[in-house]
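Summary of structural features
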Amino acid sequence: TKSDHSERWQIFDLANSVVSERRMQLSSALKEAIENDSFSLYLQPQINLATGKVYGCEGLLRWFHPKLGQIPPDEFIPIAESSGLIHSLTELVLEKGLNYQKQLVEQYPGHVLSLNISGKDLAKKELLVHLITLVNQLNLNPSQIVIEITESVTIANEIYLKNILDDYRSVGVKLALDDFGTGYSSLAYLSRLGFDELKIDKQFVMDIETSKSNQTITKAMSDLAHSLGLRVVAEGIESEQSYTRLQHYGCDYGQGYFISKPLAFEDYLKWLYKVSH
Ligand code: C2E
Ligand code: CA
Ligand code: CA
Ligand code: CA
């Protein structure tokens, strides 16, 4: 009946306004949190699957709000992107990450650090300038820094995107395509854009033991990426079986809870010490 419908719509409106209220609450909290530097950059180990040796790590943001608790990046990154706060957040990631890398290479000279950059950041020239400044100041080897860009941005204008990626590459940093397999881009397109590394999305890796099609897809992505000269990182390795399987598939590097969860800097140092002594 008519009244039934309007009641449903009221519930629907209510749910919507709760969602947008939380978004508003979070975006103003986010602004404050950036000013107060309430974020930490956790580090998740990546290892060479063939040798078992440490390759490096990926930096992942963590935000703990005193009242709202731990807010996952999948929730606050989109809010930062839509409220224009993402650039300051990414600056903070670059600063924290590269300062960690400085300390890490002193003990582990070949250590590679990967950082996530939002598609929204790419057009922001200041960010690239900031990256160059930090690399110079800290005297880092740019080829040991990987910038991860998610597949969803590659849908944008190819020539425009290629120019920006070339600017990044001219600094000497490496580029990774994150979440590969979740969008619609072909490997040929990716190789034209000049990526160095391909990250197979965890949705294919997490349940690889029970999904024959994910096994086929993962193996095919890895082979194709190699034939185009890209190195391959598999993320979301949660068990020893999938670790061994991805090793057999020839994936170069692996990352996942089976190896380690993302760790605070001090804990990452301890982890590194433990696995290399
Ligand atoms: P992502 O870049 O694809 O990062 C991988 C996500 O998978 C991380 O979630 C990581 O904790 C999780 N993960 C790693 N191994 C496993 C595993 O074995 N099993 C499962 N189930 N999950 C695993 P997290 O830290 O919650 O980050 C979520 C997303 O938020 C990231 O996905 C990335 O898109 C975004 N993000 C995180 N930190 C940053 C950042 O500093 N800047 C930007 N722009 N985005 C970030
Ligand atoms: Ca990533
Ligand atoms: Ca990913
Ligand atoms: Ca993701």
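Further up the page is the structure itself.
For the structure given in this document, a descriptive report is provided here. (Residues numbered from 1 in each chain as written. Chains lettered and ligands numbered in written order. Predicted model: local features only at pLDDT ≥ 70, side-chain atom pairs only at ≥ 80, totals over all residues. Heavy atoms only, no water.)

A few words on the site of ligand 1. What surrounds ligand 1 is a group of 23 residues, the closest being Q44, R62, D178, E238 and Y257. Taking E58, its side chain carries an N or O atom lying 3.3 Å from an oxygen atom of ligand 1. At 3.2 Å, a side-chain N or O of K202 approaches an oxygen atom of ligand 1. Computed on the free molecule, ligand 1 has an accessible area of 800 Å², of which 87% lies beneath the protein chains in the complex. Going through the elements one at a time, β2 (54-65), α2 (73-82), β4 (112-117) and β6 (174-180) are the ones with two or more residues in the shell around ligand 1. A per-class count over the shell around ligand 1 returns 10 nonpolar, five polar and eight charged. (Near = heavy atom within 4 Å. Polar contact = N/O pair within 3.5 Å; in protein donor to acceptor, adjacent residues only side chain to side chain. Areas by Shrake-Rupley, 256 points an atom, 1.4 Å probe, with all protein chains shown as cover. Helix = DSSP H or I, 4+ residues; strand = E, 2+ residues; numbered from the N terminus. Nonpolar A, V, L, I, M, F, W, Y, C, P; charged D, E, K, R; others polar.)

Time to look at the coordination of the calcium ion (ligand 2). Six octahedrally arranged donors around a metal ideally form angles of 90 or 180 degrees; four tetrahedrally arranged donors ideally form angles of 109.5 degrees. With distances of 2.1 to 2.3 Å, the protein atoms coordinating the calcium ion (ligand 2) are E58 (OE), N116 (OD1), E148 (OE) and D178 (OD). If you list the donors of the calcium ion (ligand 2) from N- to C-terminus, the spacing comes out as E-x57-N-x31-E-x29-D. In this structure, the calcium ion (ligand 2) lies 4.1 Å away from the calcium ion (ligand 3), the two metals sharing D178 as a donor. Placement of the pair is E58 in strand β2 and E148 in strand β5 (residues 145-150), with a sequence separation of 90 residues. Here E58 and E148 have matching classes, each one buried. (Donors = N, O, S within 2.8 Å, 3.2 Å for Na, K, Ca; no water. Buried < 20%, exposed > 50% of the residue type's maximum accessible area, 1.4 Å probe, protein only.)

What follows deals with the layout of surface pockets. Empty space within the largest pocket amounts to approximately 1,000 Å³. In terms of lining, the largest pocket is formed by 35 residues, of which the most central are E58, L60, P73, D74 and N116. Elements with a contribution of two residues or more to the lining of the largest pocket: β1 (39-48), β2, α2, α3 (86-107), β4, β5 and β6. Partitioned by chemical class, the residues of the lining of the largest pocket number 14 nonpolar, 10 polar and 11 charged. Within this model, the second largest pocket holds a volume of roughly 190 Å³. In this structure, the second largest pocket is lined by 13 residues; those nearest its centre are K53, V54, Y55, L272 and S276. If you list the elements that add at least two residues to the lining of the second largest pocket, you get β2 and α10 (265-275). Here the lining of the second largest pocket gets three residues from one element, more than from any other, and that element is α10. (1 Å grid on protein atoms, 1.4 Å probe; cavity = no way out; pocket = protein on both sides within 12 Å on 5 of 7 lines; lining within 4 Å. Points joined across faces, edges and corners; volume = space filled by probe spheres on them.)

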